[in-house]
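# Breakdown of the fold
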Amino acid sequence: MAELVVMSEGLQTQHVNLQKDRTTLGRRHTNDVALADLSVSGVHCVFERLGSSEVWLKDMGSTNGTFINGERVQRHRLADQDLISIGTYRVRFLSEPVPDEVSQTAPMRLEELGAPGTTGALQARLRVISGDAAGREVPLVKTVTTFGKSGEAVVAIYHRRNGYFVALADAGEQEARHNGHAIVSDARPLADQDVLEIGESRLLFILGR
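Note that the structure is predicted; figures quoted are calculated from it, not measured.

## Concerning the overall build of the protein chain
A tally of helices and strands in the protein chain yields 1 helix and 21 strands. Residue pairs at least 24 apart in sequence account for 35% of intrachain contacts in the protein chain once pairs closer than 6 positions are excluded. Looking at the protein chain as shown, the accessible area adds up to about 11300 Å², and 48% of this sits on carbon and sulfur atoms.

Here it is in structure tokens:
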């Protein structure tokens, strides 16, 4: 099922399955996807599902416009991984199901998340060690969490049964790095105290109780 991943300031804020034939997005709380920011019009745009796999985006005469991969559109058929710009928000369109190892939502025993030889569950978080949000900590509680800014670089951290992984979600002008090495689209494992560099920010990956 097609889905939307809504991002604000590089952080994933909503994950929306396009189950309805018509899904509205805008600032008003009555929308299916409500984005509370003045850069978004009351009813900004509509996602129209035709059949099982075809999805069209239609701008509803918004003040600031709707952009797909940097180009302003009125009505446009969406393709997998299209990046939609709506005011200060970025929305990633995913037409293909997320692989099972990523989308797994079945209950998981805590022991499966513990360190070898222990029964305790490990909790992951990112600590911003330099940049505008220095000192802030972000718990990694979702299956997929994204960081970064469109145009610079956006990375995704995946929580899988066998650990945490990082991959490049959206390339930009600046290179994202993991322990000094460029982050690419192929996911690589994260270990406690690994350092991520995304734009002007450096983040510390922490895995512990």
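Having seen the structure, we can now continue with the description.
## Some words on the packing of aromatic side chains
Within the structure shown, the criterion is met by 1 aromatic pair. Here Arg-75 stacks its cationic end above the ring of Trp-56, 4.4 Å away from the centre of that ring.

## Observations concerning the pattern of salt bridges
Evaluated as defined, the whole model comprises 7 salt bridges. Of the charged contacts, one joins Asp-32 and Lys-20 as a salt bridge, the two residues approaching to 2.7 Å between their closest N and O atoms. Here the residue Asp-32 occupies a position in the loop between β3 (22–26) and β4 (33–34), and Lys-20 occupies one in the loop between β2 (11–17) and β3, the gap between them amounting to 12 residues. Look at Asp-32 and you get partly exposed, because its relative accessible area is 37%. Here the salt bridges do not stand alone but share partners, grouping Arg-125, Arg-127 and Glu-137 into one network.

## Some points on the nonpolar core
Counting 21 residues, the largest nonpolar core has Leu-25, Phe-47, Leu-78, Ile-84 and Phe-93 as its most contacted members. When residues of this core are traced back to their parent elements, those giving at least two are β1 (3–8), β5 (45–50), β6 (54–59), β10 (83–86) and β11 (89–94). Setting aside residues no more than four positions away along its own chain, Phe-93 makes contact with Ala-2, Glu-3, Leu-4, Leu-18, Val-55, Leu-78, Ala-79, Asp-80, Gln-81, Asp-82 and Ile-84. Counting residues in each nonpolar core, the second largest holds 19 residues, with Phe-147, Tyr-164, Ile-183 and Phe-205 among its members.

## Thoughts on the environment of Arg-188
Looking at the secondary structure, you find Arg-188 in strand β19 (residues 188–189). Judged by its relative accessible area of 24%, Arg-188 falls in the partly exposed class. Beyond its immediate sequence surroundings of up to four residues, Arg-188 is in contact with Tyr-164, Phe-165, Val-166, His-178, His-181 and Ala-182. A polar side-chain atom of Arg-188 sits 3.1 Å from the main-chain carbonyl oxygen of Ala-182.

## Thoughts on the pairing of β11
Within β11, 5 of the 6 residues are buried, which leaves it mostly tucked inside the rest of the structure. Across 6 bridges, β1 lies against β11 in antiparallel orientation. By the bridge assignment for β11, Val-6 is matched with Val-91. Both β10 and β11 contribute to a ladder of 4 bridges, which runs antiparallel.

## Structural notes on the side chain of Glu-3
Residue position: Glu-3 is located in strand β1. Although Glu-3 is buried, it makes no salt bridge; Arg-92 carries the closest opposite charge, 10 Å away. At 3.3 Å, the side chain of Glu-3 forms a polar contact with the side chain of His-15.

The rules behind these values
- Residues numbered from 1 in each chain as written.
- Predicted model: local features only at pLDDT ≥ 70, side-chain atom pairs only at ≥ 80, totals over all residues.
- Heavy atoms only, no water.
- Helix = DSSP H or I, 4+ residues; strand = E, 2+ residues; numbered from the N terminus.
- Contact = heavy atoms within 4.5 Å.
- Areas by Shrake-Rupley, 256 points an atom, 1.4 Å probe, with all protein chains shown as cover.
- Phe/Tyr/Trp six-rings, centres within 6.5 Å; stacked < 30°, edge-to-face > 60°.
- Lys NZ or Arg CZ within 6 Å of the ring centre and 35° of its normal.
- Salt bridge = Lys/Arg side-chain N within 4 Å of Asp/Glu carboxyl O.
- Buried < 20%, exposed > 50% of the residue type's maximum accessible area, 1.4 Å probe, protein only.
- Core = buried A, V, L, I, M, F, W, Y, C linked by side-chain atoms within 4.5 Å.
- Polar contact = N/O pair within 3.5 Å; in protein donor to acceptor, adjacent residues only side chain to side chain.
- Pairing = 2+ DSSP bridges.
- Lys, Arg positive; Asp, Glu negative; His and termini not counted.

Worth remembering: the numbers are spatial, not functional.
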